[in-house]
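Architecture and fold: a report
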Amino acid sequence: MKIFTLLVFCIFLSSGDSTSTFSYDHSATAECLKELERVQYKGGIVYNPEFNYGLEGWTESGGGAKREVRSKGGNKFIVLHDRTKSFDSLLHNVQLQKSNIYSFSAWVQTNKGTETIAVVFRTPSGGEIIGGRIEAKHGCWSLLKGGMVANFSGSVDVLLKTKHKAVDIWVDNVSLQPFTPQQWRSNQEKIIDKIRKSKVRFRVSTVNGTIVEGAEISINQVKSDFPFGCGMNYHILTSQDYRDWFSSRFRFSSFTNEMKWYSTEKKPGEENYTIPDAMMSFCRENDIFVRGHNILWDNPKMQPSWVKNLPSDELLVAAIRRTNSVVSRYKGQLICWDVMNENLHFRFYEDKLGENASAIFYSLAYGLDSYTSMFMNEYNTIELGKDASSTPIKYKEKIQQLLSYPEVKGMLAGIGLQGHFNDEQPNIPYIRTALDILGTTGVPIWLTEVDVEKNPNQAEYLEEILREAYSHPAVEGIIIFGGPIVAGFSNMTLADENFMNTPTGDVVDQLIKEWRTENQTALADNQGFCEINLFHGDYKVTVKHPLTNISSAFDLRVTKQIPRQSVNIQIGNI
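Anyway, here's the lowdown on the structure attached to this text. All of these numbers come straight from a predicted model, not from anything done at the bench. (Residues numbered from 1 in each chain as written. Predicted model: local features only at pLDDT ≥ 70, side-chain atom pairs only at ≥ 80, totals over all residues. Heavy atoms only, no water.)

**Some remarks on the pairing of strand β13 (residues 216-224)**
Here β13 pairs with strand β25 (residues 520-523) via four bridges, running antiparallel. Looking at β25, one finds that Ile219 is bridged to Gln520. With eight bridges connecting them, β13 and strand β27 (residues 537-544) associate as antiparallel partners. Bridging from a neighbouring strand, Lys223 pairs with Asp538 of β27. (Pairing = 2+ DSSP bridges. Helix = DSSP H or I, 4+ residues; strand = E, 2+ residues; numbered from the N terminus.)

Okay, structure coming up:
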């Protein structure tokens, strides 16, 4: 008789940050400190970062006055006062090396109230790159973080900018640290090993406790725990090649247009869910999980044509009917809903129905489907630093305001960042800082519609964005918006008319492969032990005795909740 016994013991261990080069600092992003912390990286390439030598190495930008101040503890810092323009600041000129990634930080506060302070990199041609923003407050120090990627070698001026000019800026401990792309990638990989994998230690013995040296342990990952998916559209219903292409790669999706109000109710009272129903059927048959996109859209141009000019009372009735209809129809079938799409940029429902319009519809959707996560979904929060409508700070304020609404207490919430990038080099340090800021909310973050405008570097830029997102601890899912050319994905095409990969498609397939554990075999040592670092997910494990060839298989689940687990395996004959 074959005897096979599996005993699993979970060991919870606390571990320090192994990223010695640089690391995420959520506490510094979130906190407002009475006493600032010391300069990072000893200032990097910034001369006199702590102002120990007064203003040596610094010049003035614009008007206003500057004075040195010493705290009670003896720390020197600079106060910029009597400012007449938002750009009145100190300025530091630095030399950049093309392709390097520059991480910026500075401790700041104001003389009154709360003020948005941004770091700006001004190029020799007069161009300006917003490297990061922070809400600085009076009475405590806040860490302004960000940076830029150099697409040229040469000098830039680093300076601060405020939203309002009549506010004093206190600044100290300024740092700008260069990293090569290789160093940045190395850090990402260390973070991935820490947050996306867990160590599993196998110990093989016989039923009577004898160690089995040389036992062969085969590992096969059958499911990944990290949602990495792709948008799909109605062409999936008419193309078997599209269905095969999609189902062979992705287990998560979002319909690009088919669930939206203008698609399901083109005329008032005439609802038609035929297409999204059929797409949902395909997804169920292929074990594909779907994000609900979307219930309502705050952009006035994106309403059904008959909705745009409805009086307020009729609009309220129609929007409630729409929410009841679509949420009830797909209740329990979706992993989340984008409830009010893009309501940082737009105000269609707020202008028509009042300031609490969005909260009302979140409350309604939550009441109809309380076990499904309800997302905000917005663009340009990570893509474009100069878009003041949807900065990470404004996004954070909006979702916190939304969650304070009494009727949504207990609601599962989510932060949706669309990720529609243009054809320029993505600002990876800015993305990281934005994710840091939003990560302090404790609300799960997804990148929901990632694409990059067509350009010669599209594949390279997409890979940089996806790697940065996947290596951030607060990101819990990614959906890209691309696909085969036959489905109309002309902006970010992943496969040509013959379903052969484009370079961008190669990137996607490579990352799918890289972010899961490949089938592997290992041998138990002379103590019967074997330790393997595994991506989180579900596994089929097969163990074979080296002498008797007795083998058996069992299922194993590896999760982030268990950073290290021990699996005791007993195998032998009676």
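Next comes the rest of the account.
**Points about the environment of Glu265**
Counting through the fold element by element, Glu265 comes out in the loop between α4 (261-264) and α5 (274-285). According to the relative accessible area criterion, Glu265 is buried, its value standing at 1%. For the pair Glu265 and Ser404, spaced 139 residues apart in sequence, the C-alpha separation works out to 32 Å. (Buried < 20%, exposed > 50% of the residue type's maximum accessible area, 1.4 Å probe, protein only.)

**Things to note about the nonpolar core**
Of all hydrophobic cores here, the largest spans 116 residues; its most connected members are Phe202, Trp337, Tyr349, Ile478 and Ile480. One finds Ala106, Ile117, Leu144 and Leu176 within the second-largest nonpolar core, a separate group that totals 27 residues. (Core = buried A, V, L, I, M, F, W, Y, C linked by side-chain atoms within 4.5 Å.)

**Points about the state of the cysteines**
Following the criterion strictly, the structure yields one disulfide and no others. Cys32 shares a disulfide with Cys140; S-S distance 1.6 Å. Disulfide Cys32-Cys140: torsion about the S-S bond near 80°, hence right-handed. Of this pair, Cys32 sits in the loop between α1 (26-30) and β2 (59-61) while Cys140 sits in the loop between β8 (128-137) and β9 (142-149), and the two are 108 residues apart along the sequence. (Disulfide = S-S within 2.5 Å.)

Nothing here speaks to function; it is geometry throughout.
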